[in-house]
Structures are given as C-alpha cells and as structure tokens.
Amino acid sequence: AKIFHALINGEDKASSYYKMICLNAGAGFYASGKATSIDEGRSMAEELLASGAVAEKFQKSRRSYARCTA
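Rules behind the numbers
Residues numbered from 1 in each chain as written. Predicted model: local features only at pLDDT ≥ 70, side-chain atom pairs only at ≥ 80, totals over all residues. Heavy atoms only, no water. Helix = DSSP H or I, 4+ residues; strand = E, 2+ residues; numbered from the N terminus. Buried < 20%, exposed > 50% of the residue type's maximum accessible area, 1.4 Å probe, protein only. Contact = heavy atoms within 4.5 Å. Areas by Shrake-Rupley, 256 points an atom, 1.4 Å probe, with all protein chains shown as cover. Lys, Arg positive; Asp, Glu negative; His and termini not counted. Charge placed at Lys NZ, Arg CZ, Asp CG, Glu CD. Salt bridge = Lys/Arg side-chain N within 4 Å of Asp/Glu carboxyl O. Polar contact = N/O pair within 3.5 Å; in protein donor to acceptor, adjacent residues only side chain to side chain. Phe/Tyr/Trp six-rings, centres within 6.5 Å; stacked < 30°, edge-to-face > 60°. Core = buried A, V, L, I, M, F, W, Y, C linked by side-chain atoms within 4.5 Å.

Looking now at the overall build of the protein. Across its full length, the protein holds 4 helices and 0 strands. With the C-alpha coordinates aligned to their principal axes, the bounding extent of the protein is approximately 40 × 25 × 15 Å. Within the span of the protein, comprising 70 residues, buried residues form 20% of the whole. Here the analysis covers contacts within the protein between residues at least 6 apart in sequence; of these, 31% occur between residues at least 24 apart. As displayed, the protein has an accessible area near 5,100 Å², and 58% of this comes from carbon and sulfur atoms. Each charge sign in the protein was given a centre, from 10 positive and 7 negative side chains, and these centres are 10 Å apart.

So this is what it looks like as structure tokens:
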C-alpha cells in the first residue's frame, strides 16, 4: 500500500515500479487505440500520474465503494 500511494501521489518517479506502471499503462493505451504507440501511451500515463488525476480517481472510487458497503 505504501508503494502504491507513493506512485499515485507523485512521490516516486524513479523506481522500477513507476517505470513498469507507466509502460504497462502505455501498452494498454496503445492496445485500446488511445495512443499511436506504446511510448506515447507511456507519456500519457506519466502525465496522468503527475497531474494527480490517478490519485483523484482512486479516492473517488474508494469513496464510492465505501458508500456501497455501508
């Protein structure tokens, strides 16, 4: 959990975890047609992490799940 939060909060941009997450997301963006290459998709993933969009989406999902289980 500590590593995950460091990644989505932009506190870790140098580890192999960060590189793996961005590359995997890049491949997903490419496979879905949202990027023209894996490298472009990787850049998109880096931007989403840096902007806080990933952390925001995670928190929104977490709040939504909490309401469903209450």
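A few words on the side chain of aspartate 12. Tracing the chain through its elements places aspartate 12 in the loop between helix 1 (2-8) and helix 2 (16-31). No salt bridge is formed by the buried aspartate 12; the nearest opposite charge belongs to lysine 19, separated by 8.7 Å. There is a polar contact of 3.3 Å between the side chain of aspartate 12 and the backbone nitrogen of alanine 14. At 2.6 Å, the side chain of aspartate 12 forms a polar contact with the side chain of serine 15.

Now for the packing of aromatic side chains. Throughout the structure, instances matching the rule amount to 1 aromatic pair. Ring geometry for phenylalanine 4 against phenylalanine 58: centres 5.0 Å apart, planes inclined by 70 degrees, an arrangement best described as edge-to-face. Of this pair, phenylalanine 4 sits in helix 1 while phenylalanine 58 sits in helix 4 (residues 53-69), and the two are 54 residues apart along the sequence. The exposure class assigned to phenylalanine 58 is partly exposed, which follows from its relative accessible area of 26%.

Relative to the helices and strands, glycine 26 resides in helix 2. Taking C-alpha positions, glycine 26 is 18 Å from lysine 57, a pair spaced 31 residues apart along the chain. With near-sequence residues (within four places) excluded, glycine 26 lies in contact with Ser37, Ile38, Gly41 and Arg42.

This brings us to the nonpolar core. In terms of nonpolar packing, the biggest core is built from 7 residues, these being Leu7, Tyr18, Cys22, Phe29, Ala35, Ala45 and Leu49. For this core, the secondary structure elements donating two or more residues are helix 2 and helix 3 (38-51).

Turning our attention to the side chain of serine 15. Of note, serine 15 is situated in the loop between helix 1 and helix 2. With relative accessibility at 19%, the residue serine 15 sits in the buried group. Within the local environment of serine 15, its side chain forms a polar contact with the backbone nitrogen of tyrosine 17, the two atoms lying 3.2 Å apart.

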